[in-house]
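Coordinate analysis (summary)
If you want the building blocks of each chain, they are given just below.
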Amino acid sequence: MTLTETRRQAPPAVVATDLTKVYGQGDAQVHALRGVNVSFATGAFTAIMGPSGSGKSTLMHCLAGLDAATSGTVHIGDVELTGLSDKRLTMLRRERIGFVFQAFNLLPTLTAEQNIRLPLEISARQADQPLFDRVIDTVGLRDRLSHRPTELSGGQQQRVAVARALISKPQVIFADEPTGNLDSRSGAEVLSFLRTSVRELGQTIVMVTHDPVAASYADRVVFLRDGELVTEITAPTPQSVLDTLVRLEA
Ligand SMILES: Nc1ncnc2c1ncn2[C@@H]1O[C@H](COP(=O)(O)OP(=O)(O)O)[C@@H](O)[C@H]1O
Ligand SMILES: [Mg+2]
């Protein structure tokens, strides 16, 4: 079966149903998510966009089990997150979910290679050596493996962080503003790499961003406004993303 056929037949990697999130109490209540229904296809690269305060980070945190929704359900593959004990949730995050944040979160005393292998060591799993080699070559980090983070550029550090997320073959990688700390050239490098890992490794990626150029690397962009999912576009271009954002803010 080709990768495209596999994708077409696979159930969605992540499904959120009637998701709500309320912060605070009484007068101080903030309805950050107001009944979000969305699913993320396996092997696709999806961007989440919306104005500041629209609920992007909250949605990502609830989808990834980093924060508990007020009501509604989240499924990662066939597992329902909502209602898992803290211990099961921690295991599920470790085994099925990869994270990439704006800050690279690499350990400064470890080399690039040690940082990349760390999640496998933590969960006492065998490194899949062919996958390791493929990831390293895709990221273009072969000659940087023995460098420590301070000896790498921002773009290289973020590629190490993405490689670290890929190496445990998570069901989904969540990325929150992964290019937020990078200049546009390094940002483009990281985004191309994210897209390549979707195309060539079949990785599923969900990325929060406020940058139309970053979103244009995705297969699909979903737009939030005031805690609701209001529209989406496929095969985005920077211009079509920008036009949609302008309409939303109007
Ligand atoms: N921990 C929190 N406590 C109270 N309100 C919060 C908290 N986190 C987010 N919010 C509020 O929820 C809404 C959505 O925030 P957020 O998800 O961070 O939006 P975005 O990522 O799109 O900028 C905003 O009104 C924000 O002020
Ligand atoms: Mg945010």
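Residues numbered from 1 in each chain as written. Chains lettered and ligands numbered in written order. Predicted model: local features only at pLDDT ≥ 70, side-chain atom pairs only at ≥ 80, totals over all residues. Heavy atoms only, no water.

Going by the annotation in an unreviewed UniProt entry, the name recorded for the chain is Putative ABC transport system ATP-binding protein, with Nonomuraea solani given as the source organism.

Turning next to the nonpolar core. Side chains that are nonpolar tend, in soluble globular proteins, to be buried together. Residues F45, I116, L194, M207, V221, F223 and V241 are the most contacted members of the largest nonpolar core, which totals 44 residues. In terms of residue count, the dominant contributor to this core is helix α6 (residues 154-166) (six residues). Beyond its immediate stretch of four places on either side in the chain, M207 contacts F45, T46, A47, I48, A175, P178, L191, L194, A214 and A215. (Core = buried A, V, L, I, M, F, W, Y, C linked by side-chain atoms within 4.5 Å. Buried < 20%, exposed > 50% of the residue type's maximum accessible area, 1.4 Å probe, protein only. Helix = DSSP H or I, 4+ residues; strand = E, 2+ residues; numbered from the N terminus. Contact = heavy atoms within 4.5 Å.)

Glancing now at the site of ligand 1. Close contacts around ligand 1 come from Y23, V30, A32, P51, S52, G53, S54, G55, K56, S57 and T58, and that covers them all. In the environment of ligand 1, an oxygen atom lies 3.2 Å from a nitrogen or oxygen atom belonging to the backbone of S54. Burial of ligand 1 by the protein amounts to 57% of the accessible area it has alone, namely 560 Å². Considering only residue class, the shell around ligand 1 consists of four nonpolar, six polar and one charged. (Near = heavy atom within 4 Å. Polar contact = N/O pair within 3.5 Å; in protein donor to acceptor, adjacent residues only side chain to side chain. Areas by Shrake-Rupley, 256 points an atom, 1.4 Å probe, with all protein chains shown as cover. Nonpolar A, V, L, I, M, F, W, Y, C, P; charged D, E, K, R; others polar.)

Following the sequence through the fold, D86 ends up in helix α3 (residues 86-96). Each C-alpha atom of the pair D86 and L182 lies 34 Å from the other, and the pair is 96 residues apart in sequence.

Now for the pattern of salt bridges. Under the definition given, this model contains 11 salt bridges. Salt bridges linked by common partners bring D133, D137 and R142 together as one network. (Salt bridge = Lys/Arg side-chain N within 4 Å of Asp/Glu carboxyl O.)

The strand order β6-β7-β8-β3-β9-β10 describes an open sheet built from six strands, whose pairing is mixed. A single partner strand is all that each edge strand has here, and the edge strands are β6 (97-100) and β10 (228-234). Taking each pair of neighbouring strands and ignoring which way they run, the sheet shows an average axis angle of 20 degrees. By the bridge criterion, four bridges tie strand β3 (residues 45-49) to strand β9 (residues 220-225) in an arrangement that is parallel. (Pairing = 2+ DSSP bridges. Axes fitted to C-alpha atoms, helices over the stretch in contact; angles between N-to-C directions.)

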